[in-house]
Amino acid sequence: MELHFSKYTSCIEDSNELLLYHSLTGSLIRIIEEEKINHVRKLINKNSFADDGSEVIKTLKEQGFLFPSDIDETEIAKQLFIDRASCRDSLRLMIYVTNACNFRCVYCPQPHTEEYMDMKTIVDICEAIKKYAVANSTKTVIISWFGGEPLLNTEVIENAMESLSQFCSEHNIILLSGMTTNGYGLTDVVFERLIKLGVNEYQITLDGLSETHDRNRFTRDGKPTWERIWSNLIYMNNTEYKFSVSLRINVNKSNADSAKELIKLKKEKLDERFTLQIQPITNMGGMGNPNSEYCTESEAEDVRIDLYSLLGGMKDEGFRRISRILRPFGLMCNCAKIDYLIIKTDGTICKCELLIDDEHNCIGKIDNSELRLNLARLAQYVAPSFSNECQECKIFPLCYGLYCPHKKSLKYSCGLKHFDLTRNIKMLATGLIKKRQAEV
Ligand code: SF4
Ligand code: SF4
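Reading guide: rules and limits
- Residues numbered from 1 in each chain as written.
- Chains lettered and ligands numbered in written order.
- Predicted model: local features only at pLDDT ≥ 70, side-chain atom pairs only at ≥ 80, totals over all residues.
- Heavy atoms only, no water.
- Helix = DSSP H or I, 4+ residues; strand = E, 2+ residues; numbered from the N terminus.
- Buried < 20%, exposed > 50% of the residue type's maximum accessible area, 1.4 Å probe, protein only.
- Core = buried A, V, L, I, M, F, W, Y, C linked by side-chain atoms within 4.5 Å.
- Near = heavy atom within 4 Å.
- Nonpolar A, V, L, I, M, F, W, Y, C, P; charged D, E, K, R; others polar.
- Salt bridge = Lys/Arg side-chain N within 4 Å of Asp/Glu carboxyl O.
- Pairing = 2+ DSSP bridges.
- Axes fitted to C-alpha atoms, helices over the stretch in contact; angles between N-to-C directions.
- Contact = heavy atoms within 4.5 Å.

This part covers unusual backbone geometry. For Asn172, which is not a glycine, the phi torsion comes out positive at approximately 60 degrees. Relative to the elements of secondary structure, Asn172 occurs in the loop between helix H5 (154-170) and strand S9 (174-181). Unlike most non-glycine residues, Asn368 shows phi in positive territory, near 50 degrees. Relative to the assigned elements, Asn368 resides in the loop between strand S15 (362-367) and strand S16 (370-373). For Asn368, a relative accessible area of 60% translates into the label exposed.

Quick look at the structure:
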């Protein structure tokens, strides 16, 4: 049988090793034996070749890198997307309960207007969720509370969680809930109330140790915030509840060392319910401070490589985030999921979380306890690109042209020209190797 290498294969040669990565499956193989490297080199430059029964070909077939010559893997990639899009048994909502924030972080792109969701609107939203869930036989409802700072409007959150918990348990629906918060208001009392209502996934940001963090993230009247957030985290850590906290570290060149210290402190003081997420500080436009030290795309990659390989060496699973990026759909923005909607404080429904006031982004409204969607507008965000450029692209199965659905909806071309696949593959390989070494 004649075989060919999948066009979604990337081959990287570096100091006596060869890395093979396949974006259709997320497989990554590292070859260090010279003989095998030479064998792969010969095969990869051929349009097709016979199965010689060798160990190399056997492994490549098992890992999904090789296909029979009459199979077009583009069709497999497209079908993968179609299968995923047709699975609609969940509803994911990000609900903005306020635009206000008690922090004034130097790089924040959001305008902080004093808008709060009122009780009537959240009751209407909950009724709309219930109607939608019954009509669509929804199996899972996932709610992320967002702002501004969502803890400035906890009454609305508590009211909704009580109402939805009761409804979901009566209808055998799984309710999952999380929150993106600065962590300042997540005191013992507030955490105890929220966790009992089922809010058990948190994303909280610390930008290094106190001195560095407090330079970036201070209250609106200029006070430091690190000590209080850290003591809230320690309280959570000392409880027995089941929850997860993604500790996000926003990093640029000036706080990279402090970020490393924080990673060590986390390892010492917080258990495995807390994981780390590295986020390079890049200019996202909006209201960010023009004097902030934003990373260029390549500096952002450097920061990621440096810190994720440190995490790999410490057996921390945080670096595995990079492996999520390199799996099918891993580069698609959340907005590209058909069942993912953002609800603003006034009940307007939109898709993109960064451009919530852009008219193209407004795709519906909660109206009379119904989720009313403009399906034509929705399609601009969720339909993939099957253009020739995309189908022939090495990372088509990661992106499907939906890296930034907002730009796509405005007919921009490829939004991932900056994406450095080679560096990302190396970063994953480095993290995996260091993790393995640390386990030995
Ligand atoms: S949008 Fe760009 S990165 Fe994404 S599949 Fe198309 S060509 Fe590739
Ligand atoms: S649609 Fe584009 S701008 Fe909006 S959140 Fe997604 S990637 Fe960001």
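Before going further, it helps to spend a moment on the nonpolar core. Counting residues in hydrophobic clusters, the biggest one holds 92 residues, and the most contacted among them are Trp145, Tyr202 and Leu233. Per element, the largest residue contribution to this core is 7 residues, and it comes from H5. Ranked by size, the runner-up nonpolar core spans 15 residues in total, among them Leu20, Val40, Phe65 and Leu66.

The environment of ligand 2 is formed by Cys333, Cys335, Cys352, Glu353, Leu354, Tyr403, Cys404, Pro405 and His406. The class makeup of the residues in the shell around ligand 2 is 7 nonpolar, 1 polar and 1 charged.

Attention shifts here to the pattern of salt bridges. This structure, assessed with the given rule, holds 22 salt bridges. Linking Glu127 and Lys130 is a salt bridge whose minimum nitrogen-to-oxygen distance equals 3.1 Å. In this pair, Glu127 and Lys130 both sit in helix H4 (residues 119-135), 3 residues apart, roughly one turn of the helix. Exposure remark for Glu127: the relative accessible area of 33% places this residue in the partly exposed category. What makes Lys130 buried here is its relative accessible area of 16%. We note a salt bridge from Glu370 to Lys131, for which the minimum N-O separation is 3.6 Å.

Before going further, it helps to examine the sheet that holds S9. Here 10 strands make up an open sheet; going across it, the order is S12-S11-S10-S9-S8-S7-S13-S14-S15-S16 and the pairing mixed. The sheet is open, and its two borders are formed by strand S12 (274-280) and S16, each paired with just one other strand. Direction aside, the axes of adjacent strands within the sheet are offset by 25 degrees on average. Note: strand S8 (residues 140-146) against S9, 6 bridges, orientation parallel. Across the sheet, the residue bridging to Val141 is Leu175, located in S9. Helix H6 (residues 188-196) rests against S9 and strand S10 (199-205) of the sheet, and its axis sits at about 135 degrees to S10.

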